[in-house]
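Single-letter residue listing:
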Amino acid sequence: NPFHAWSFARDPASDGTVIVTAVDVSEQVAKTNYYEQILDGIFDFVLVKFPDSRLSWANRSFREYYGMTNNELRDLIDAPFNDPSYTDQYVRDDRWVLANKSPLRIACEPVTRWDGVVGKWETIKIPIPASRRRFASQHSARKTSSASSCRNAIPIPKACGWAGW
């Protein structure tokens, strides 16, 4: 079954006639589903966010860690069970990534699981060059220090092979 994107517009030169346009987006939907399946197979957390830090999409590993579906996560800045100070720092880091158009590596970032357990994760936040409306955040599946506090954000220089925008 084909998927269609519909648009509706009034014809200003007529007596109120509505023009309806349908575009077959089946191929785009199939590609999106294919890439989401690949990302769901990755054990690391993969998040896609809007510039205001609202979540757009998360892979299965992250959804299971948070105990939420993509529909529940979509448009949230963070889950209600996360420490607000962690969320504030995530947003500051997100803004830095977008303002500098450069990746940011955080060696040890606290992330709260659905049951309240806080894990420490290595995180890399990268802007998505093809879309100025979104960026990605990848949390390594390797847990880091179990120390109660950790914070070590390091910009990733272009000399490391990241071409940027």
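To be clear, the structure that these remarks concern was listed above.
Every residue gets a number counted from 1 within its own chain, in the order that chain's sequence is written. Since the coordinates come from a predicted model, pLDDT governs what is reported: local features require at least 70, and pairs of side-chain atoms require 80 or more to be given and counted, while whole-chain, interface and lining totals use all residues. By convention in this description, side-chain values take in all heavy atoms of the structure and omit both hydrogens and water.

Caption draft 1: The overall build of the protein, seen in detail. When helices and strands are tallied, the protein shows four helices and eight strands. Think of it this way: any DSSP run of H or I at least four residues long counts as a helix, any run of E at least two long counts as a strand, and we number them from the N terminus. Reading the protein from its N terminus to its C terminus gives the helix and strand order β-β-α-β-β-α-α-α-β-β-β-β. Within the protein, contacts between residues at least 6 apart in sequence are counted, and of these 43% link residues at least 24 apart. Here the protein displays about 9900 Å² of accessible surface, and carbon together with sulfur accounts for 56% of that area. Any pair of residues with heavy atoms lying within 4.5 Å of one another is described as a contacting pair. Calculation of accessible area relied on Shrake-Rupley with a 1.4 Å probe; when residues are assessed, cover is drawn exclusively from the protein chains displayed.

Caption draft 2: Local environment of the environment of Pro103. Along the chain, Pro103 turns up in the loop between helix H4 (84-100) and strand E5 (104-112). For Pro103, a relative accessible area of 2% corresponds to the buried category. Remark: the alpha-carbon pair of Pro103 and Ile124, spanning 21 residues in sequence, is separated by 6.8 Å. Burial here depends on accessible area, computed with a 1.4 Å probe over protein chains only, as a share of the maximum for the residue type. Under 20% is buried, over 50% is exposed, and the range in between is partly exposed.

Caption draft 3: Representation of the nonpolar core. Among buried residues, those of type Ala, Val, Leu, Ile, Met, Phe, Trp, Tyr and Cys that are joined through side-chain atoms within 4.5 Å constitute a nonpolar core. Core analysis: the largest hydrophobic core is formed by 14 residues, its most contacted members being Phe62, Tyr65, Tyr66, Leu73 and Val111. Put simply, the parts of the chain that give this core at least two residues each are strand E3 (45-49), strand E4 (55-58), helix H2 (60-66) and H4. The biggest single contributor to this core is H2, with three residues. Those residues in contact with Phe62 that sit more than four places away from it in its chain are Phe45, Leu47 and Leu73.

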